[in-house]
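# Chain and residue survey
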Amino acid sequence: MLRPLLADFAALFFPKSCLACREPLVAGEQHLCTGCRAELPYTGYHLLPSAQNPLARRFWGKLPVRHTLSYLRFLRHGRVQQLLHQLKYQGQAGVGRALGQLYGAELAAAGMSAEFGLIVPVPLHRRKLARRGYNQAEAFATGLAAALPCPSAPHALRRTEHTASQTRKGRAERWQNVATVFEVAEPAAIAGRHVLLVDDVLTTGATLEACAAVLLAAGAAAVSIATIAAADSN
Ligand SMILES: [Zn+2]
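Since we're looking at a predicted model, the values are computed, not measured. (Residues numbered from 1 in each chain as written. Predicted model: local features only at pLDDT ≥ 70, side-chain atom pairs only at ≥ 80, totals over all residues. Heavy atoms only, no water.)

Take the packing of aromatic side chains next. Tallied over the entire structure, the rule returns 3 aromatic pairs. Ring plane angle 15 degrees and centroid distance 6.5 Å describe the contact between tyrosine 103 and phenylalanine 140, whose orientation is recorded as stacked. Taken as a pair, tyrosine 103 in helix α4 (residues 93-109) and phenylalanine 140 in helix α6 (residues 136-147) lie far apart in primary sequence, 37 residues in all. An identical accessibility class is assigned to tyrosine 103 and phenylalanine 140; each is buried. Three or more aromatic residues link up through ring pairs in this structure, and these residues are Tyr42, Tyr71, Tyr103 and Phe140. (Phe/Tyr/Trp six-rings, centres within 6.5 Å; stacked < 30°, edge-to-face > 60°. Helix = DSSP H or I, 4+ residues; strand = E, 2+ residues; numbered from the N terminus. Buried < 20%, exposed > 50% of the residue type's maximum accessible area, 1.4 Å probe, protein only.)

Here it is in structure tokens:
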């Protein structure tokens with residue numbers, strides 16, 4: 001990540017580029033070029049009845065999730081993967097906030113402004129937080145909170161222990177691994193509220209499921225889920 005001074009210096013010589021396609025941005029464009037903004041693979045899941053939402057099925061029979069939302073479909077080697085790479089590994093917390101604002105505005109336009117009582121991001125482990133400098137899920141939550149608008153509680157959930165690398169574990173083992181690592185740090189903020197739980201990507205859903213379970217156990221009236229991108233299930 002460039003330090004701020006160096007970033008300013010670089011901006012004098014290199015025009016900012018679109019975080020999805022790397023083409024130079026023109027006046028009035030921020031983070032994303034107009035072409036990418038038009039052509040990103042939007043899911044439109046917030047416009048579907050729950051029974052027709054393919055993402056909602058991931059949580060059926062596990063725990064009640066009121067709305068299962070994702071702004072974009074995750075496609076490998078495409079614009080969405082590039083955006084998420086910028087957000088997670090290139091220090092671009094701004095892209096998370098920008099995507100949150102865009103999606104929040106769409107949810108508000110669909111009449112969902114008053115739906116949620118509190119926005120809570122999936123917490124990052126403190127070691128990762130120290131390395132990255134920000135929680136990418138919190139950046140997305142900040143944008144959503146501003147655009148809906150809705151209060152947010154970025155530290156309402158916390159991790160209780162370090163999660164070992166999950167890549168070599170089987171599905172059941174992976175669930176066991178995450179199930180124990182979240183707890184509610186601010187129960188008074190959660191109680192009686194419809195919580196919109198937010199993360200950057202939905203893959204297996206195990207992390208979101210574990211977080212939703214502790215939120216419901218802490219007295220949340222309902223839990224909904226929103227991510228920047230969701231991988232198609234097979
Ligand atoms: Zn672009």
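Attention shifts here to α6. Over its 12 residues, α6 runs 17 Å from end to end, which matches the ideal 16 Å to within 8%, given 1.5 Å per residue. Within the span of α6, buried status applies to Gln136, Ala137, Ala139, Phe140, Ala141, Gly143, Leu144 and Ala145. Check the buried side of α6 and you find it contacts α3 (79-89), α4, β2 (118-121), α5 (126-132), β5 (194-202) and β6 (222-231). Of the residues flanking the start of α6, the one acting as N-cap is asparagine 135, its side-chain oxygen 2.9 Å from the backbone nitrogen of alanine 137. (Expected span 1.5 Å × (residues − 1). Contact = heavy atoms within 4.5 Å. Polar contact = N/O pair within 3.5 Å; in protein donor to acceptor, adjacent residues only side chain to side chain.)

For the zinc ion, the full set of protein donor atoms is Cys18 (SG), Cys21 (SG), Cys33 (SG) and Cys36 (SG), and the range of their distances to it is 2.3 Å. For the zinc ion, the 4 donor atoms are set out with angles of 104 to 114 degrees between them, so the coordination reads as tetrahedral. Within one chain, the residues serving as donors to the zinc ion are arranged as C-x2-C-x11-C-x2-C. Linking cysteine 21 in the loop between α1 (4-13) and α2 (34-39) with cysteine 36 in helix α2, this pair joins segments that are 15 residues apart in sequence. (Donors = N, O, S within 2.8 Å, 3.2 Å for Na, K, Ca; no water. Tetrahedral: all angles 85-135°; square planar, octahedral: opposite > 155°, others 65-115°.)

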